[in-house]
Each structure stands twice: as C-alpha cells, then as structure tokens.
Amino acid sequence: MRSSNPVFSRRGFSRDNGYANFNAQQQAGGPAAGTNPYATNPYATNPYAQDAMVGAPAQAPARSGAMTIDDVVSRTAITLGTVFVTAALAWFLLPVDAANIGMSYGIAIGAALIALVCALVQSFKSRPTPALILAYAAFEGVFLGVISNAVATHVSTAAVPQAVLGTMSVFAGVLIAYKMRWIRVTRRFYGFVMAAAIGFVLLMAVNMLFAVFGGGDGLGFRSGGLGIMFGIIGIILGACFLALDFKQVEDGITYGAPREESWLAAFGLTMTLVWIYLEFLRLIQILSGDD
C-alpha cells in the first residue's frame, strides 16, 4: 500500500495480510518476496527470521539500524519543532498590518512555493534527505506564521489556539482509534481516501482559478455554507491521512525498515498535520463571519 502523502509515493511498507502489498514480485520456486520491501530471502515472508520452525510464524529478531517508534517520535519532534520555530519568527518579524501586508503576504507565498518544491523533490528521491525535509519544515513554518498572524489580527485572536487544539485533538483521536483497531486500513479504505482526496484537491484548485481570474471566492467552495461543509470534509480527510501514516509507521517497524525511513515518517506526519491545521484555521475563519 502506498501512502496518501507524496513522500511515500515511491516506497511503502507491507504486511502479509493481503491488503498492503508493495511491488510484490513472484520468485521462481518460492513465495513472493515483495511482501516485504526489505527482504533479502525470496523464500521468506520475514527476511530477518532465522531458524524458524516449519509451520510457525516467522518472528523478526532485534537488529541494529532498524527503525523504531522512538526514531519516528524524535524525528517528528525535530520536524514539527522546526515548523514551530520558523512560524514564531515569521509571526513576530512579518506582522500582517497595514504597513507590511504586501511584503508579508509576498514572503509567505514565496515560502509556500519553496516548501512545495522541497516536498516534491523529496517525494521523487529514492532515499530521505534530512536537510531537505527540514528545509520544507522551515519554509512551511514561515507560511504558517504569516497566515496565522493574519487570521489572529483580522479575524479572531482565539483562532490560532483553537486550530492548534483542534489539530491535536484529531491527532489524538485518530491515534487512539487506530491503536484500538476501530480504524482498519484496508485496500478499500485506501482507495476511498485517495479518490476523495483527489476530488477535493481538484475542486479547490478550480475554485482558486475562478477566484484569481473572476474575483471574489470563485465558485464559493471556501465561504459560507459550502465553505463550512468543505472545511469539515478537509478535516475528515486529514484524519484519514493520519490513519494511513500510522499504518506506514507500524508496518515499517514490524518489518525492520532502515532507521533513515523514520525521517520519511516524520515528513508525512508533518504534512498531514499542516493540512489539518490549515483546514481548521479556514473553518474557524468562516464561522467567525470573515470569508
């Protein structure tokens, strides 16, 4: 299974349960080695099992250099910390007031474009590049800092803490639901989420084009009643992305993915949390009566 995040588009982790295969290739005389992307033994579903009893499930022994949950947590903390620091700097150094509004928005748009380029470059690389991931986080933080300052200044001072609290609540809720197995990431779940996400992004892109060339809010998908509906849909999609990210992390740890893959897990989680935060911020803005 491949993740919804671009960072996971060229690789993935998989289980043997039939719904999360990754580039499976049938080997002559044995089962598919592709059930584990880190397999070195084409005849074993778990390449790290040794002296396994015939008919017994293979267990992967502990080995050095494999990704752990601590690696994912620490890399995610570093990446999100970078976002927070640059967002705070942008908030104080680039206030969106009458004197600086043009410059602040210009820098925010430029930072967003650079962050997008960094994300796209990383998504096409075969290995994670921590410097590139942190560069994405830094520029994304600048964008978020300016946008957050604008909403706090012109809409509501409570909007930013409300959006942060909402994002944290969604993260905690999805994590609990995933750990309790209330959410099961199957092939059908993945297909539904991806189809919904593609439709959502296309609609927002069309709405933006109409807004740029026709003025106003384009087709009205980001204001009024429609804006509220699409804001809620965007948050739900973000929650689904989190479930896909948790699945990737779980499978990577289970199958002994290299430790460097934890940077990709951190990258994917950061992008998803940024998505949810921005959707909350937009929804709060609409509910405050400022479209």
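Going by the structure above, here's the rest.
Reading the values: the criteria
Residues numbered from 1 in each chain as written. Predicted model: local features only at pLDDT ≥ 70, side-chain atom pairs only at ≥ 80, totals over all residues. Heavy atoms only, no water. Helix = DSSP H or I, 4+ residues; strand = E, 2+ residues; numbered from the N terminus. Buried < 20%, exposed > 50% of the residue type's maximum accessible area, 1.4 Å probe, protein only. Contact = heavy atoms within 4.5 Å. Areas by Shrake-Rupley, 256 points an atom, 1.4 Å probe, with all protein chains shown as cover. 1 Å grid on protein atoms, 1.4 Å probe; cavity = no way out; pocket = protein on both sides within 12 Å on 5 of 7 lines; lining within 4 Å. Points joined across faces, edges and corners; volume = space filled by probe spheres on them. Nonpolar A, V, L, I, M, F, W, Y, C, P; charged D, E, K, R; others polar.

Draft legend 1. The overall build of the protein chain, seen in detail. Check the secondary structure of the protein chain and you find seven helices and zero strands. Order of helices (α) and strands (β) in the protein chain, N terminus to C terminus: α-α-α-α-α-α-α. In the protein chain, buried positions account for 44% of the 291 residues. Within the protein chain, contacts between residues separated by at least 24 positions form 72% of all contacts whose residues are at least 6 apart in sequence. Counting every atom, the protein chain has about 14500 Å² of accessible surface; 68% of that belongs to carbon and sulfur.

Draft legend 2. Local environment of the environment of Thr82. With respect to the helices, strands and loops of the structure, Thr82 is situated in helix H1 (residues 69–93). Separated by 52 residues in the primary sequence, Thr82 and Leu134 have C-alpha atoms spaced 6.9 Å apart. Beyond its immediate chain neighbours, meaning those up to four positions away, Thr82 contacts Leu134, Ala137 and Ala138.

Draft legend 3. A look at the layout of surface pockets. When its volume is computed, the second largest pocket comes out at roughly 600 Å³. Val83, Phe84, Leu144, Val164 and Tyr277 are, among the 18 residues lining the second largest pocket, the residues nearest its centre. Where the lining of the second largest pocket is concerned, the elements lending two or more residues are H1, helix H3 (130–154), helix H4 (159–179) and helix H7 (261–287). Classifying every residue of the lining of the second largest pocket gives 15 nonpolar, three polar and no charged.

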